[in-house]
Amino acid sequence: MQENGYIKVWGANNSITIIDRGVEHSLGPEGIPGLSISINGNNNNVRIEMPLRFEDCKLALVGDNNSFSIRSSNKSRMLKVFFYIADGCAIEIGRNCYINNNASFIAKEKSGTKISVGNDCVIAADCLLRCGDGHTLINEYNGDPLNEPDDIVLENHVWVGARCVLLKKTYLAENSVVGTMSLVNKRFDIPNVLIGGVPAKIIKSGINWDLADYKTYMDE
């Protein structure tokens, strides 16, 4: 076991790589301020590209052959964001993403399943992205599972409003917006749409979005 600062690692052939100004190096015992990293298993891989700012965030990899990668961002800090990966799954976060308070990303239950977030995305407060249900629904006639885990994919420049839940099979095309407190569990292949509801559906097409609030945007 290695336990230094914000890092706890059990197992063999695990790596935590930092990319700083294009130069790769292993994460030292000083860790990354604001980010707790826990690895319990073998052959897990973490890649973090700086600069990034964390506050009270947690990354946990459990079991073998999991991976986590996140690209650099100059956006506001991540606060109390939780990343959990198990069972040979992956989480990939693109460049310049804004992930707000208490968002949770959970990838587990089926090897090869992933949560993928493109560049320039916003995940607002209290969102949950989860590609497995944590239980099994069963066909009563043949015993087959009915809720197989699947990927969650957000293309570039997607905004997910506060308190949304994104479940397995979610796909959001570029420039999409998901309204507050929506539940998404299927593909939306058309770009530039506003979706919302439980379950979510397309509300308006031909939209785009800007991170600036109304007053700032109108003054530009």
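What you see is a predicted model, and the numbers here were worked out from it, not measured in a lab. Every chain begins its residue count from 1, and numbering advances along the sequence as written. In keeping with the predicted nature of the model, local features appear solely for residues at pLDDT of at least 70, side-chain atom pairs appear and are counted solely at 80 or more, and the whole-chain, interface and lining totals rest on all residues. For the side-chain quantities, the full set of heavy atoms in the structure was used; hydrogens and water were omitted.

A. Quick peek at the overall build of the chain. Helix and strand definitions here come from DSSP, where helices need a minimum of 4 consecutive H or I residues and strands a minimum of 2 consecutive E residues; each element is numbered from the N-terminal end. For the chain, the helix and strand inventory stands at one helix and 26 strands. Restricting the calculation to C-alpha atoms gives the radius of gyration, and the globule rule supplies 2.2 Å times the number of residues raised to the power 0.38. Here the C-alpha radius of gyration of the chain, 18 Å, is about what a compact globule of 220 residues would show, namely 17 Å. For the chain, the spread of C-alpha atoms along the three principal axes comes to 60 × 50 × 25 Å. Of all intrachain contacts in the chain linking residues separated by at least 6 positions in sequence, the fraction that spans at least 24 positions is 35%. Summed over its atoms, the accessible surface of the chain is roughly 11,300 Å², and 48% of this surface lies on carbon and sulfur atoms. The positive charge centre, built from 22 side chains, and the negative charge centre, built from 26, are 3 Å apart in the chain. Throughout, a residue-residue contact means that at least one pair of heavy atoms, one from each residue, lies within 4.5 Å. Each accessible area is a Shrake-Rupley estimate made with a 1.4 Å probe; only the visible protein chains count as cover when residues are assessed. The charge count treats Lys and Arg as positive and Asp and Glu as negative. His and the chain ends do not count. Charge placement uses NZ in Lys and CZ in Arg. For Asp and Glu, CG and CD serve respectively.

B. Quick look at the packing of aromatic side chains. We call Phe, Tyr and Trp rings a pair once their centres come within 6.5 Å, taking the six-membered ring for Trp, and we label the pair stacked below 30 degrees between planes, edge-to-face above 60, and tilted otherwise. The tally for this structure, following the rule as stated, stands at four aromatic pairs. Taking 4.9 Å as the distance between ring centres and 55° as the angle between the ring planes, the aromatic pair formed by Phe-68 and Phe-83 counts as tilted. Note that Phe-68 is positioned in strand β9 (residues 67-70) and Phe-83 in strand β11 (residues 82-86), a separation of 15 residues in sequence. Look at Phe-83 and Phe-105: their rings are 5.0 Å apart centre to centre, the planes differ by 35°, and that puts the pair in the tilted class. Here Phe-83 is found in strand β11, whereas its partner Phe-105 is found in strand β14 (residues 104-107), with 22 residues between them in sequence.

C. Structural view of the side chain of Ser-73. Within the secondary structure, Ser-73 sits in the loop between β9 and β10 (78-79). Only protein chains enter the calculation, and the probe is 1.4 Å; a residue is then buried if its accessible area is under 20% of its type maximum, exposed if over 50%, and partly exposed in between. Ser-73 gets classed as buried once you look at its relative accessible area, which sits at 8%. Polar contact is defined as a pair of N or O atoms within 3.5 Å, subject to the rule that within protein one atom must be able to donate a hydrogen and the other to accept it, and that residues adjacent in sequence are counted only when both atoms are side-chain atoms. A distance of 3.3 Å separates a polar atom in the side chain of Ser-73 from the backbone oxygen of Cys-97. Look past the residues within four positions of Ser-73 in its chain and what remains in contact with it is Pro-51, Leu-52, Asn-96 and Cys-97.

D. Structural context of empty space enclosed by the protein. We place a 1 Å grid over just the protein atoms. Points where a 1.4 Å probe fits but has no way out form a cavity, open points with protein on both sides within 12 Å along at least 5 of 7 lines form a pocket, and any residue with an atom within 4 Å of a point lines it. Grid points are joined across faces, edges and corners, and a volume is the space filled by probe spheres set on the points. The tally for this structure, following the rule as stated, stands at one cavity of 30 Å³ or more. Lining the largest cavity are Leu-52, Arg-53, Ser-73, Lys-75, Ser-76, Arg-77, Met-78 and Cys-97. A breakdown of the residues in the lining of the largest cavity according to their chemical character gives three nonpolar, two polar and three charged. Classes in brief: Ala, Val, Leu, Ile, Met, Phe, Trp, Tyr, Cys and Pro nonpolar; Asp, Glu, Lys and Arg charged; the others, Gly included, polar.

E. Structural context of the pairing of β9. What you see with β9 is a clean split: Phe-68 and Ile-70 sit on the buried side and Ser-67 and Ser-69 on the side with no burial. At least two bridges found by DSSP between two strands is the condition for calling them paired. As paired strands, strand β6 (residues 45-50) and β9 are joined by four bridges and run parallel to one another. Its bridge partner lying in β9, Arg-47 is registered against Ser-69. Alignment of β9 against strand β12 (residues 90-93), held across four bridges, turns out to be parallel.

F. Representation of the pattern of salt bridges. Here, a salt bridge means any side-chain nitrogen of Lys or Arg that lies within 4 Å of a carboxyl oxygen of Asp or Glu. This model, assessed by the stated rule, comprises twelve salt bridges. Residues Asp-20 and Arg-21 are paired through a salt bridge, measuring 3.6 Å at the closest nitrogen-oxygen approach. On the basis of relative accessible area, Asp-20 is assigned to the partly exposed category, the value being 28%. In the salt-bridge network here, residues are joined through shared partners; they are Glu-49, Arg-71 and Arg-95.

G. Structural view of the sheet that holds strand β13 (residues 98-99). Spatially, β13-β16-β19-β22-β25-β26 is the arrangement adopted by the six strands of the open sheet, whose pairing is mixed. The open sheet has two edge strands with one neighbour each: β13 and β26 (201-205). As defined by bridge partners, strand β25 (residues 193-196) adjoins β26 across four bridges and the pair is classed as antiparallel. Opposite Leu-194, over in β26, you have Lys-204 as the bridge partner.

H. Examining the side chain of Ser-104 more closely. Along the polypeptide, Ser-104 turns up in strand β14. Apart from residues lying up to four places away in sequence, Ser-104 is in contact with Phe-82, Cys-127, Leu-128 and Leu-129.

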